[in-house]
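# Residue-level structural notes
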Amino acid sequence: MSLLVVGSVALDSVETPFGTKEDVLGGSASFFSTSASFFTPVQMVAVVGEDFPQAHLDFLQGRGVDISGVSHEKGRTFRWKGRYGWQLNEAETLDTQLNVFQSFSPKLSEQHRQAQYVMLGNIHPELQAQVVDQVRAPKLVAADTMNFWINGSRPALLKTLARVNLLFVNDTEARLLSGEHNILRAARAILAMGPQRVVIKRGEYGALLVEKEHVFACPAMPLADVFDPTGAGDTFAGGFMGTLATSGGLDSDVLRRAMVMGSVMASFTVEKFSLERLKEISRADLHARFAEFKRLTHFDDLPSLKA
């Protein structure tokens, strides 16, 4: 099944207690595509500037990512600079330069319009709606958003949410969007806005999948070394959507497996800066960590109680 992502490609500068990296590959579409490419071919629609290194495009293409939808514009590539403290829960944004991304307007080729699974990265909800307008008959459209759009473009966001099947948000965003403090109540309030499913990413506490009739909680992998959480949420979405596209189904078992694979991919990403860790791992590593998740969450039934 074809998988399309529309989002940002960026050059990130990241500072954590464990080191600093300058102008490394970043952006929602980059993390998502790299993660999903372990499961299925990915089509990417994004924009880069004249300064974007060809080596990054070669890497993505080498992962089986179709970059024909990546436009090259005059000017500089979108740049983000952030810093993490010891908690590593949330980045402090030090600098954001939209550059060519400021005028990004996604135009899908005929091939891209045929995508069965569509991921709308964290871009303006009006741009997300433009993508929905262009795709033909997708099996599932998922979207991501953030506080900036929830606060500043809420009417447009609500219109987009009414047209998507699944929303990825973190717990802070879920509370802000819904007005509910309790996470489960927040998720159900979001379902009332249109999506049939919501995935709430909770960082080191795992993730929650909420549907009208079902709830599934997936833990995060306990890790001794966490160096850089940048892109972990997009990597999670890539593992999740890649698993769905490979299976071609949306039943409960597939969705739960997709949740675990999302957590698997995110657990690798945070172990090094940028996409460095994902460049090292193999499918065998994914299977091994999936098995770790299974052991981590396994428990036996209670023994029968005697009267």
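Read on for an overview of the structure. (Residues numbered from 1 in each chain as written. Predicted model: local features only at pLDDT ≥ 70, side-chain atom pairs only at ≥ 80, totals over all residues. Heavy atoms only, no water.)

## Focus: the packing of aromatic side chains
Short version of the rule: By convention, a stacked pair of Phe, Tyr or Trp rings (six-membered ring in the case of Trp) has centres within 6.5 Å and planes under 30 degrees apart, an edge-to-face pair has planes over 60 apart, and any other such pair is tilted. Secondary structure is summarised from DSSP: a helix means a run of H or I of at least four residues, a strand means a run of E of at least two, and numbering begins at the N terminus for each. Partly exposed residues are those whose accessible area sits between 20% and 50% of the maximum for their type, while under 20% is buried and over 50% is exposed, using a 1.4 Å probe and protein chains only.
A full pass over the atoms with the stated rule returns 8 aromatic pairs. For the pair phenylalanine 18 and tryptophan 86, a centre-to-centre distance of 5.6 Å together with 85° between the ring planes defines the contact as edge-to-face. You can see phenylalanine 18 sitting in the loop between β2 (10-16) and β3 (19-26) and its partner tryptophan 86 sitting in the loop between β6 (79-83) and β7 (92-97), a full 68 residues away along the chain. Phenylalanine 18 sits in the partly exposed class, given a relative accessible area of 37%. Summarising the aromatic geometry, the rings of phenylalanine 168 and phenylalanine 240 are spaced 5.4 Å apart at their centres and angled 90° between planes, so their arrangement reads as edge-to-face. Here phenylalanine 240 lies in helix α9 (residues 232-247) and phenylalanine 168 lies in strand β10 (residues 166-170), a separation of 72 residues in the sequence.

## What about empty space enclosed by the protein?
Filter applied, for reference: Points on a 1 Å grid, built from protein atoms alone, make a cavity when a 1.4 Å probe fits but cannot get out and make a pocket when they are open with protein on both sides within 12 Å along at least 5 of 7 lines; residues with an atom within 4 Å of a point are the lining residues. Grid points are joined across faces, edges and corners, and a volume is the space filled by probe spheres set on the points. Nonpolar residues are Ala, Val, Leu, Ile, Met, Phe, Trp, Tyr, Cys and Pro. Charged residues are Asp, Glu, Lys and Arg, and all others, Gly as well, are polar.
According to the stated counting rule, one finds 1 cavity of 30 Å³ or more in the structure shown. A volume near 30 Å³ is recorded for the largest cavity. Listed by contribution, the elements that provide at least two residues to the lining of the largest cavity are β12 (207-211), β13 (215-218) and α10 (252-269). Counting residues per element, the lining of the largest cavity draws most heavily on α10, which supplies 3 residues. A breakdown of the residues in the lining of the largest cavity according to their chemical character gives 4 nonpolar, 2 polar and 2 charged.

## Structural notes on the packing of helix α7 (residues 171-178) against helix α8 (residues 183-191)
The criterion, for reference: Inter-axis angles, ranging from 0 to 180 degrees, are taken between N-to-C directions of lines fitted to C-alpha atoms, where helices are fitted over the stretch in contact. Put simply, angles under 35 degrees are roughly parallel, angles over 145 are roughly antiparallel, angles from 65 to 115 are roughly perpendicular, and the rest are oblique. Throughout, a crossing is termed right-handed when the near helix is turned clockwise from the far one, and left-handed when it is turned anticlockwise from it by less than a right angle. Working rule for contacts: check all heavy atoms of both residues, and any pair within 4.5 Å makes them a contact.
At a minimum axis separation of 9 Å, α7 and α8 run at an interaxial angle of 60°. In terms of orientation, α7 lies oblique with respect to α8. Seen from above, α7 lies across α8 with left-handed handedness. The residues of α8 that touch α7, namely those facing Asp171, Ala174, Arg175, Leu177 and Ser178, are Ile183, Ala186, Ala189 and Ile190. Class assignment of the residues belonging to the contact of α7 with α8 gives a composition of 6 nonpolar, 1 polar and 2 charged.

## Observations regarding the packing of α9 against α10
Two elements in contact, α9 and α10, have axes separated by 7 Å at closest approach and are oriented at 140°. Regarding α9 and α10, the two cross each other, and that crossing is right-handed. When α9 is examined against α10, the residues Ala232, Thr235, Phe236, Gly239, Phe240, Thr243, Leu244 and Ser247 are found in contact with a partner set consisting of Val254, Leu255, Arg257, Ala258, Met259, Met261, Gly262, Ser263, Met265, Ala266 and Thr269. Here the contact of α9 with α10 is composed, by residue class, of 11 nonpolar, 7 polar and 1 charged.

## What to know about the layout of surface pockets
As a volume, the second largest pocket reaches approximately 350 Å³. Lining the second largest pocket are 13 residues, and of these Phe216, Val260, Phe290, Lys294 and Thr297 sit closest to its centre. Listing elements by their share of the lining of the second largest pocket, those giving two or more residues are β13, α10 and α11 (283-297). Broken down by class, the residue content of the lining of the second largest pocket amounts to 7 nonpolar, 2 polar and 4 charged.

## Quick word on the environment of alanine 174
Topologically, alanine 174 is positioned in helix α7. For alanine 174, a relative accessible area of 0% translates into the label buried. When the C-alpha atoms of alanine 174 and lysine 21 are compared, they prove to be 30 Å apart, with 153 residues separating the residues in sequence. The contacts of alanine 174, once residues within four sequence positions are left out, are Val169, Ala186, Ile190 and Ile200.

From the geometry alone we can't say anything about function, so treat these as descriptive.
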